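# Coordinates in review
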Amino acid sequence: MALKIDFEEESKEQLNPDTPNAMGGTELAQKWLFSRLDPELKDYFQFVASRKRKLEDKPRIFWVHDLAQDPEVEFLKEHKNMLEFEKIVFVSHWQQYQYGVYLGVPYDHGVVVQHAIDPIPEHEKPKDKINCVYFSTPHRGLEVLLEAWSEMKQRYPSEAVDSAELNIFSSFKIYDRPHMDEQFRHVYQKARDMPQVNYSGSVPNEDIRKNLEKMHILAYPSTYMETACITALESLSAKCLAVIPNLAALPETTANFAWMYNYEPAPERHVAVHAHILSRAIDNYWAEETQSLLNVQKQYFDIFYNWDLRANQWNSFLNGLKMGIEEKKKRNDTT
């Protein structure tokens, strides 16, 4: 089961002026932030989100969402290029560490401001069956999940597993680049043909949030190094158990609440491990101790990853940065 995709091409699709309808995680985060940011600060700074293109004559913030190995950020290796920005804002501590190791970005030139969400409203989960969900792009583990789902149904039968359903919201239309779906046509068709699997393409975030109220488990055998994960944040706020590997920033993002397993680089082994852990999660979702943990989980993510908190952090950070810039200008004007 070999998964092949040009990751460099995928990274360049995001925030591309030729894809104005793209609504991936980076675009959503930027939309959510700008709707809450102090207008004076929004105008004072230029925000460069992951793709350095035309720089304006104003203080600049480089808000990176990508891996340190991405060709788009390789320019940061040159110290003078890094200094084109007042600060580099990272979406996770893991990501900041990686930029230090691979690109030499010093800690004092960066700051971590993690992602945020609007909490999923309180709701009651359906009790007739366990609903699992996957709503990331297909190259991040969908084929592994489909294989694991089949293996789970065969190897770990139980009343809960036998009735469980898998709901998939996934395609590259979220990046406004449907041509990238061509290499995954066989995966989509496989999902459509599998019993107890409901395949949909990409849907708006508002629809995802509503669907999460009916979901019990995020089944996400990620094969991609996430720098952060809005998919996980929204799922955990929706009181979903997250069954995920300990890859990249996922441990940091899920804050020990996920049913996490050791990442397996061999697809066959990854399938086997995910199938086993997922079956246990399905069997134990309604256990009293699981429900107690989910209540704490929701409270944590609704508070710590709430946009009300994060917007205050952004505004405070940018106000402090602006004050420092203006004071420096005054000192320079008097010398």
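Computed from a predicted structure; not experimentally measured.

This next bit is on a nonpolar patch on the surface. Taken together, the side chains of Tyr97, Val101, Tyr102 and Tyr107 make up a nonpolar region of the molecular surface, amounting to roughly 460 Å² of accessible area. Note on placement: Tyr107 falls in the loop between helix H5 (93-103) and strand S4 (110-112).

The next thing to look at is the pairing of strand S5 (residues 131-134). Side chains of S5 alternate between two faces, with Asn131 and Val133 and Cys132 and Tyr134 buried alike. Both S5 and strand S6 (residues 165-169) contribute to a ladder of 4 bridges, which runs parallel. Its bridge partner being in S6, Cys132 is matched across the sheet by Leu166. Bridge analysis of S5 against strand S8 (residues 217-219) gives 2 bridges, and the strand direction is parallel. Bridging across to S8, Val133 finds its partner in Leu218.

This brings us to the environment of Pro121. Mapped onto the elements of the fold, Pro121 is located in the loop between S4 and S5. We classify Pro121 as partly exposed; its relative accessible area is 45%. Each C-alpha atom of the pair Pro121 and Asp302 lies 9.6 Å from the other, and the pair is 181 residues apart in sequence. Setting aside its immediate chain neighbours within four residues, Pro121 contacts Arg209 and Glu213.

Relative orientation of the contacting elements helix H6 (residues 142-155) and helix H12 (residues 267-284) amounts to 60°, with a least axis distance of 8 Å. Classified by the interaxial angle, the pair formed by H6 and H12 is oblique. Considering the relative orientation of H6 and H12, their crossing is right-handed. Within the contact between the two elements, H6 uses Val144, Leu145, Glu147, Ala148, Trp149, Glu151 and Met152 and H12 uses His270, Val271, Ala272, His274, Ala275, Leu278, Ser279 and Ile282. Considering only residue class, the contact of H6 with H12 consists of 10 nonpolar, 3 polar and 2 charged.

This part is about the side chain of Thr290. Looking at where Thr290 falls in the secondary structure, it is placed in helix H13 (residues 288-304). Take Thr290: its relative accessible area is 6%, and that puts it in the buried class. Here Asn284 takes part through its backbone oxygen, which lies 2.8 Å from a polar atom of the side chain of Thr290. Residues in contact with Thr290, not counting those within four places in the same chain, are Leu241, Trp259, Asn284 and Tyr285.

Here we take up the sheet that holds S5. Hydrogen bonds along the backbone pair up the strands of a sheet, which may run parallel or antiparallel. With parallel pairing, the 6 strands of this open sheet are ordered in space as S7-S6-S5-S8-S9-S10. Two strands close off the open sheet at either side, each with one partner strand: strand S7 (197-200) and strand S10 (259-261). Within this sheet the neighbouring strands show an average axis-to-axis angle of 20°, counted without direction. Pairing of S6 with S7 involves 4 bridges; the strand directions are parallel. Among the inter-strand pairings, Ile168 is bridged to a residue of S7, identified as Tyr199. Where H6 meets the sheet, its contacts fall on S5, S6, S7 and S8, and the angle it forms with S6 comes to roughly 170°.

The full count for this structure, using the stated rule, is 16 salt bridges. Arg36 is the partner of Asp118 in a salt bridge, and the nearest nitrogen-oxygen pair spans 2.8 Å. With a gap of 82 residues between them, Asp118 in the loop between S4 and S5 and Arg36 in the loop between helix H2 (25-34) and helix H3 (39-44) connect regions that are remote in the sequence. With a closest N to O distance of 3.4 Å, Lys129 and Asp128 form a salt bridge. Judged by its relative accessible area of 22%, Lys129 is partly exposed. The exposed category is assigned to Asp128, whose relative accessible area is 58%.

Cut-offs and rules
Every chain's residues receive numbers from 1 upward, in the order its sequence appears when written. Per-residue local features of the predicted model are confined to residues with pLDDT of at least 70, and side-chain atom pairs are confined, for both listing and counting, to 80 or more; whole-chain, interface and lining totals are unaffected and use all residues. Processing note: side-chain calculations cover all non-hydrogen atoms of the structure and skip hydrogens and water entirely. Note on patches: the residues involved have over 30% relative accessible area and no salt bridge, like charges join within 9 Å, and the nonpolar side chains Val, Leu, Ile, Met, Phe, Trp and Tyr join within 5 Å. Accessibility throughout is a Shrake-Rupley quantity obtained with a 1.4 Å probe, and a residue counts as covered only by protein chains that appear here. Any carboxyl oxygen of Asp or Glu that lies within 4 Å of a side-chain nitrogen of Lys or Arg is treated as forming a salt bridge with it. Going along the chain from the N terminus, every DSSP run of H or I of four or more residues is numbered as a helix, and every run of E of two or more is numbered as a strand. Each residue's exposure class comes from its accessible area (1.4 Å probe, protein chains only) as a fraction of the maximum for that residue type: buried when under 20%, exposed when over 50%, partly exposed otherwise. Two strands are counted as paired when DSSP detects at least two bridges linking them. What makes two residues a contact is simply this: any of their non-hydrogen atoms within 4.5 Å. Note on definitions: angles span 0 to 180 degrees between N-to-C directions of axes, and those axes are lines fitted to C-alpha atoms, for helices only across the stretch in contact. Angles are sorted into four bins: roughly parallel if under 35 degrees, roughly antiparallel if over 145, roughly perpendicular if 65 to 115, and oblique for all others. By convention, the crossing between two helices is left-handed when the near helix turns anticlockwise from the far helix through less than a right angle, and right-handed when the turn is clockwise. Charged residues are taken to be Asp, Glu, Lys and Arg, nonpolar residues to be Ala, Val, Leu, Ile, Met, Phe, Trp, Tyr, Cys and Pro, and polar residues to be all remaining types, Gly included. The term polar contact refers here to a pair of N or O atoms within 3.5 Å; inside protein, the definition further demands a hydrogen-donor-capable atom paired with an acceptor-capable atom, and it admits residues adjacent in sequence only when both atoms are side-chain atoms.

Geometric values such as these leave the question of function open.
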